[in-house]
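Residue strings, one per chain:
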Amino acid sequence: MPVGPVNTMNEALADPQALARGMIVDLVHPQAGATKALGCPVHFSATPTAVTRPAPMLGEHTREVLAQAGYSDADIEAFVAEGVVAAA
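Just so it is clear, the model here is predicted, and its values are computed rather than measured.

A word on the overall build of the protein
- If you tally the helices and strands in the protein, you get four helices and two strands.
- Traced from its N-terminal end to its C-terminal end, the protein shows the element sequence α-α-β-β-α-α.
- Seen along its three principal axes, the alpha-carbon backbone of the protein occupies a region of about 50 × 30 × 30 Å.
- The buried share of the protein, taken over its 88 residues, is 15%.
- The long-range fraction of contacts in the protein, counting pairs at least 24 apart against all pairs at least 6 apart in sequence, stands at 36%.
- If you sum the accessible surface of the protein, you get close to 6,800 Å²; carbon and sulfur atoms cover 59% of it.
- Within the protein, the 9 negative side-chain charges are centred at a point lying 11 Å from the centre of the 4 positive side-chain charges.

Structure, rendered in C-alpha cells:
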C-alpha cells in the first residue's frame with residue numbers, strides 16, 4: 001500500500017519535487033493579485049500541458065457556458081434576473 005504525507009497548500013507549493021518538475025505556476029488573479037498554483041502533475045512530451053490563467057471569478061463564464069448548452073440570450077438573462085445563476 002503506497003503512503004505519503006498529506007501536505008497543506010503552502011507545503012505543496014514549496015515541495016522540492018514539485019518545484020523541480022516545474023509544477024508550481026505563478027499567476028496573476030484579478031482580485032487576489034500574484035498567486036501560485038499547482039500545474040498539471042502529468043507531463044507528456046507530445047502533448048504538453050500548461051496552466052496559463054487563474055481560476056475564474058464566480059459567474060465569469062456563466063453566459064458562455066449556458067449559450068453553448070443551447071440556452072437563448074433571453075433565457076440566460078431570465079436565469080440571472082431570477083438569481084438561478086451567478087453571472088459577471
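A word on the pairing of strand 2 (residues 33-38)
- In this sheet, strand 2 lies alongside strand 1 (residues 24-29) in antiparallel orientation, the contact comprising six bridges. By the bridge assignment for strand 2, Ile24 is matched with Leu38.
- Here strand 1 folds back onto strand 2 in antiparallel fashion, the turn holding three residues.

Conventions and cut-offs
- Residues numbered from 1 in each chain as written.
- Predicted model: local features only at pLDDT ≥ 70, side-chain atom pairs only at ≥ 80, totals over all residues.
- Heavy atoms only, no water.
- Helix = DSSP H or I, 4+ residues; strand = E, 2+ residues; numbered from the N terminus.
- Buried < 20%, exposed > 50% of the residue type's maximum accessible area, 1.4 Å probe, protein only.
- Contact = heavy atoms within 4.5 Å.
- Areas by Shrake-Rupley, 256 points an atom, 1.4 Å probe, with all protein chains shown as cover.
- Lys, Arg positive; Asp, Glu negative; His and termini not counted.
- Charge placed at Lys NZ, Arg CZ, Asp CG, Glu CD.
- Pairing = 2+ DSSP bridges.

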